[in-house]
Amino acid sequence: ILGADDGFDAGTLVDHVSTVLWHRSVVPVNPAAVLPRSFLWKDRGLYYFRTGWPSHGASDDVVFSFYDGPFHGGHSQEDQGSFTLYAFGARFAADNGFDPPNAKSEAHNLVFVDGKGEHYSGNSVGTDGRLSAHLLTPYADYLFGDATAAYGTHSAYNAPGVPFPDDDWSYGYSGANPVDHALREWLVVHEEGVPPYF
């Protein structure tokens, strides 16, 4: 079952048990035929828009995302209020990944205040944001994110003893950069027949 990166490659023998138990013939479907062009996971604070899905390797589609929500563990960087934008085969604004120094605010196109970004996060310590308001329509979407808390403190998920009684996140409690407001608004115009703009 393990791949070559884990020191063992089973080759053609990979995971036959799972194949026998759960294999189902699935007719390939282009996601554009079943998924909406835009979607908001409100409780997660994540918005996504794309013009389509390529049927080959290269794509000239436009893909935009915006994130401002609560931290639930896992991928933890200073990314509250961050956005990504890929268009016409180019990376205009992209999450650069989790390697230092990319686990810093500059990797997430955030606003710096006094030369600093959000509260330092990483190693399973995160920050919280909030999607304060939104309006979704057939021709345009409005998003209003509030990342103020992310500049000043770590996530409530990283309080002592959360989520398990013996959890100690104190190594991630430094690095605050308190601000009065850290707000970001987006208007995503995607009316049919008009190139999308943001």
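These remarks concern the structure in this document.

Criteria and thresholds
- Residues numbered from 1 in each chain as written.
- Predicted model: local features only at pLDDT ≥ 70, side-chain atom pairs only at ≥ 80, totals over all residues.
- Heavy atoms only, no water.
- Helix = DSSP H or I, 4+ residues; strand = E, 2+ residues; numbered from the N terminus.
- Buried < 20%, exposed > 50% of the residue type's maximum accessible area, 1.4 Å probe, protein only.
- Contact = heavy atoms within 4.5 Å.
- Areas by Shrake-Rupley, 256 points an atom, 1.4 Å probe, with all protein chains shown as cover.
- Salt bridge = Lys/Arg side-chain N within 4 Å of Asp/Glu carboxyl O.
- Lys, Arg positive; Asp, Glu negative; His and termini not counted.
- Polar contact = N/O pair within 3.5 Å; in protein donor to acceptor, adjacent residues only side chain to side chain.
- Pairing = 2+ DSSP bridges.
- Axes fitted to C-alpha atoms, helices over the stretch in contact; angles between N-to-C directions.
- Patch = residues over 30% accessible without salt bridge, like charges linked within 9 Å, V, L, I, M, F, W, Y side chains within 5 Å.
- Core = buried A, V, L, I, M, F, W, Y, C linked by side-chain atoms within 4.5 Å.

With that out of the way, let us pick up the overall build of the protein. Per the secondary structure count, the protein includes two helices and eight strands. Reading the helices (α) and strands (β) of the protein from amino to carboxyl end gives α-β-β-β-β-β-β-β-α-β. For the protein, buried positions account for 35% of its 198 residues. A separation threshold of at least 6 residues defines the contact pool for the protein, and within that pool the share at least 24 residues apart is 59%. With an accessible surface of roughly 12200 Å², the protein has 59% of that area assigned to carbon and sulfur atoms.

This paragraph deals with the pattern of salt bridges. Charged atoms that come close allow side chains of opposite charge to pair. One pass over the structure, following the stated rule, counts one salt bridge. Measuring nitrogen to oxygen at the nearest pair gives 3.3 Å for the salt bridge that ties R130 to D146. Of this pair, R130 sits in strand 6 (residues 130–136) while D146 sits in strand 7 (residues 140–146), and the two are 16 residues apart along the sequence.

Let's shift gears to the side chain of D61. Mapped onto the fold, D61 is located in the loop between strand 2 (46–50) and strand 3 (62–67). Nearest to the buried, unbridged D61 among oppositely charged side chains is R50, at 5.3 Å. One polar contact links D61 to T51, side chain to side chain, over a distance of 2.8 Å. Engagement of the side chain of D61 in a polar contact is seen with the backbone nitrogen of G52, the distance being 3.4 Å. If sequence neighbours within four positions are ignored, D61 has contacts with T51, G52, W53, P54, Y86, A87 and F88.

Structurally, D79 is set in the loop between strand 3 and strand 4 (82–87). With a relative accessible area of 9%, D79 lands in the buried category. Taking the C-alpha atoms as reference points, D79 and F66, 13 residues apart in sequence, are found 9.9 Å from one another.

On to the environment of R130. On the accessibility criterion, R130 (48% relative accessible area) is partly exposed. Spatially, the C-alpha atoms of R130 and T148 are 8.8 Å apart, while their sequence positions differ by 18 residues. Setting aside residues no more than four positions away along its own chain, R130 makes contact with D68, G69, F144, G145 and D146.

This part takes up the sheet that holds strand 7. One open sheet accounts for three strands, arranged 6-7-8; its pairing is antiparallel. Of all the strands in the sheet, just strand 6 and strand 8 (183–189) have a single pairing partner and so form its edges. Averaged over all adjacent pairs, the angle separating strand axes in this sheet is 10°, with direction ignored.

With that out of the way, let us pick up the sheet that holds strand 2. Spatial ordering of the open sheet is given by 1-2-3-4-5, a layout of five strands whose pairing is antiparallel. Bordering the open sheet on either side are strand 1 (38–41) and strand 5 (90–93), each of which pairs with just one other strand. Strand-to-strand twist in this sheet, taken as the mean axis angle between neighbours without regard to direction, amounts to 10°.

Quick look at a nonpolar patch on the surface now. The grouping of V17, V20, L21 and W22 at the surface amounts to a nonpolar patch, some 510 Å² of accessible area in total. Checked against the element boundaries, L21 lands in helix 1 (residues 16–22). On the basis of relative accessible area, L21 is assigned to the exposed category, the value being 55%.

Core analysis: the biggest nonpolar cluster contains 14 residues, and Y47, F64, F66, F83, L143 and W186 have the highest contact counts within it. Of all the secondary structure elements, the ones that give two or more residues to this core are strand 2, strand 3, strand 4 and strand 8. Setting aside its immediate chain neighbours within four residues, W186 contacts F64, F66, F83, D141, Y142, L143 and F198. Counting residues in each nonpolar core, the second largest holds six residues, with L110, A150, Y151 and V179 among its members.

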